[in-house]
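Structural overview
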Amino acid sequence: AQTVTQSQPEMSVQEAETVTLSCTYDTSENNYYLFWYKQPPSRQMILVIRQEAYKQQNATENRFSVNFQKAAKSFSLKISDSQLGDTAMYFCAIPLGPDKIIFGKGTRLHILP
Amino acid sequence: GAVVSQHPSWVICKSGTSVKIECRSLDFQATTMFWYRQFPKQSLMLMATSNEGSKATYEQGVEKDKFLINHASLTLSTLTVTSAHPEDSSFYICSARDWGSSNTEAFFGQGTRLTVV
């Protein structure tokens, strides 16, 4: 069975600091995608970053980057120079087959001024 | 990226009445759409997978007769909460994946906050 585990229910960091959100997963697939989604107070789900499992290079999108460790089945999200607008719920997710996407329980991130 | 529009954003209804929520893919065709329910401060719970032209596939524990799903076209899926009760109050989100694109992420609607009084 595919599972996604986010072990940090809530985190707080000062503005401009760097923060890392953890995610571990389990899958029987060999080739797959991994996603980080952000859900701000508006509750609109927004894709932050995606990683293809067959690519060794870690994905980067501006201030957001991942540390993908395939053997360890770890997929952490690093936010550099954090901003107040980064305050949100962050979900790690992995597709289950061609249809479903499995989400972790989420990490609530507070960026403090 | 692809756009998914969900309507209404919020709705208040009386117990016993039915409420319909629409989910549209605006710039792509979605053969499959997904309906989630989200309780406060919790993750998304998949309710059902909606397939164009066929019956929806419901997750275990989700009442088919209470949550009616219709996917009549490649751009529209609807969720109808029938005979709503206060315990149905929640945040409902739809999503779709654009299989015509090389990307495989899901795109989400804005969500609907349902309050049953």
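This text goes with the structure placed above it.
Every value quoted in this text rests on a predicted model; they were computed, and no experiment measured them.

About the criteria used
- Residues numbered from 1 in each chain as written.
- Chains lettered and ligands numbered in written order.
- Predicted model: local features only at pLDDT ≥ 70, side-chain atom pairs only at ≥ 80, totals over all residues.
- Heavy atoms only, no water.
- Helix = DSSP H or I, 4+ residues; strand = E, 2+ residues; numbered from the N terminus.
- Rg over C-alpha atoms; globule rule 2.2 N^0.38 Å.
- Buried < 20%, exposed > 50% of the residue type's maximum accessible area, 1.4 Å probe, protein only.
- Contact = heavy atoms within 4.5 Å.
- Areas by Shrake-Rupley, 256 points an atom, 1.4 Å probe, with all protein chains shown as cover.
- Polar contact = N/O pair within 3.5 Å; in protein donor to acceptor, adjacent residues only side chain to side chain.
- Phe/Tyr/Trp six-rings, centres within 6.5 Å; stacked < 30°, edge-to-face > 60°.
- Lys NZ or Arg CZ within 6 Å of the ring centre and 35° of its normal.
- Pairing = 2+ DSSP bridges.
- Axes fitted to C-alpha atoms, helices over the stretch in contact; angles between N-to-C directions.
- Core = buried A, V, L, I, M, F, W, Y, C linked by side-chain atoms within 4.5 Å.
- Salt bridge = Lys/Arg side-chain N within 4 Å of Asp/Glu carboxyl O.

Another aspect to go through is the overall build of chain A. When you go through chain A residue by residue, the secondary structure sums to zero helices and 12 strands. Secondary structure elements of chain A, listed N to C terminal, follow the sequence β-β-β-β-β-β-β-β-β-β-β-β. Taking 13 Å as the expected radius of gyration for a compact globule of 113 residues, we find that chain A reaches 13 Å, a close match to that expectation. Across the 113 residues that make up chain A, the buried fraction comes to 49%. Excluding contacts between residues fewer than 6 apart, the proportion of contacts in chain A whose partners are at least 24 apart in sequence is 53%. Per element, the accessible surface of chain A, about 5600 Å² overall, is 48% carbon and sulfur.

The next point concerns the environment of Asp86(A). Residues and elements named next belong to chain A. Position of aspartate 86 relative to the elements: it lies in the loop between strand 9 (74-79) and strand 10 (88-96). Residues aspartate 86 and alanine 16, 70 residues apart in the sequence, show an inter-C-alpha distance of 11 Å. Apart from residues no more than four positions distant in its own chain, aspartate 86 is found in contact with Lys38, Arg63, Phe64, Ile79, Leu109 and Ile111. A polar contact is formed between the side chain of aspartate 86 and the backbone nitrogen of glutamine 83, at a distance of 2.8 Å.

With that settled, consider the packing of aromatic side chains. The tally for this structure, following the rule as stated, stands at 13 aromatic pairs over all chains. Note on Tyr25(A) and Tyr32(A): the rings are 5.6 Å apart at their centroids and 65° apart in plane angle, and the pair reads as edge-to-face. The pair Tyr25(A) / Tyr32(A) is uniform in exposure class, with both members buried. A connected cluster of aromatic rings, assembled from ring pairs, spans Tyr33(A), Phe35(A), Tyr37(A), Phe91(A), Phe103(A), Tyr36(B) and Phe108(B). A cation over an aromatic ring shows up here: Arg43(A) above the ring of Phe91(B), its NZ or CZ 4.0 Å from the ring centre.

For the rest of this paragraph, the subject is the sheet that holds strand 8 (residues 76-81) of chain B. All names here are of chain B. As summarised here, the arrangement of the four strands in space is 1-3-8-7, forming an open sheet in which the pairing is antiparallel. Both outer strands of the open sheet, strand 1 (4-7) and strand 7 (67-73), are each paired with one neighbouring strand and no more. On average, each strand axis in the sheet is tilted by 15° relative to the strand beside it, whichever way the strands run. Two elements, strand 1 and strand 3 (residues 19-25), share four bridges in a ladder whose sense is antiparallel. Paired with glutamine 6 across the bridge in strand 3 is cysteine 23.

Quick look at the nonpolar core now. Core analysis: the biggest nonpolar cluster contains 27 residues, and Phe67(B) and Leu114(B) have the highest contact counts within it. Going through the elements one at a time, strand 2 (10-13), strand 3, strand 4 (32-38), strand 5 (44-51), strand 7, strand 8, strand 9 (90-97) and strand 11 (112-116) of chain B are the ones with two or more residues in this core. The residues touching Phe67(B), leaving out its near neighbours within four places in the chain, are Arg37(B), Met47(B), Tyr58(B), Val62(B), Leu79(B), Thr80(B), Val81(B), Asp88(B) and Tyr92(B). Val4(A), Leu21(A), Cys23(A) and Leu109(A) belong to the second largest nonpolar core, which has 26 residues in total.

We now examine the environment of Gln8(A). All names here are of chain A. Here glutamine 8 lies in the loop between strand 1 (3-5) and strand 2 (10-14). Measuring from C-alpha to C-alpha, the distance between glutamine 8 and leucine 21 comes to 7.3 Å, with 13 residues separating the pair along the chain. Here glutamine 8 is in contact with Thr20, Leu21, Ser22, Gly106 and Thr107, once residues within four sequence places are set aside.

Turning our attention to the pattern of salt bridges. Pairing between side chains of opposite charge can happen when their charged atoms approach one another. Under the defined criterion, the tally for this structure stands at five salt bridges over all chains. The partner of Lys55(A) in a salt bridge is Glu52(A), with the nearest N and O atoms 3.1 Å apart. Classification of Lys55(A) by relative accessible area gives partly exposed; the value is 39%. Taking the relative accessible area as the measure of exposure, Glu52(A) reaches 16% and is therefore buried. Glu22(B) serves as the salt-bridge partner of Arg24(B), at 3.5 Å between the closest nitrogen and oxygen. For Arg24(B), a relative accessible area of 35% translates into the label partly exposed. The exposure class of Glu22(B) is partly exposed, given its relative accessible area of 26%.

None of this, on its own, says anything about what the molecule does.
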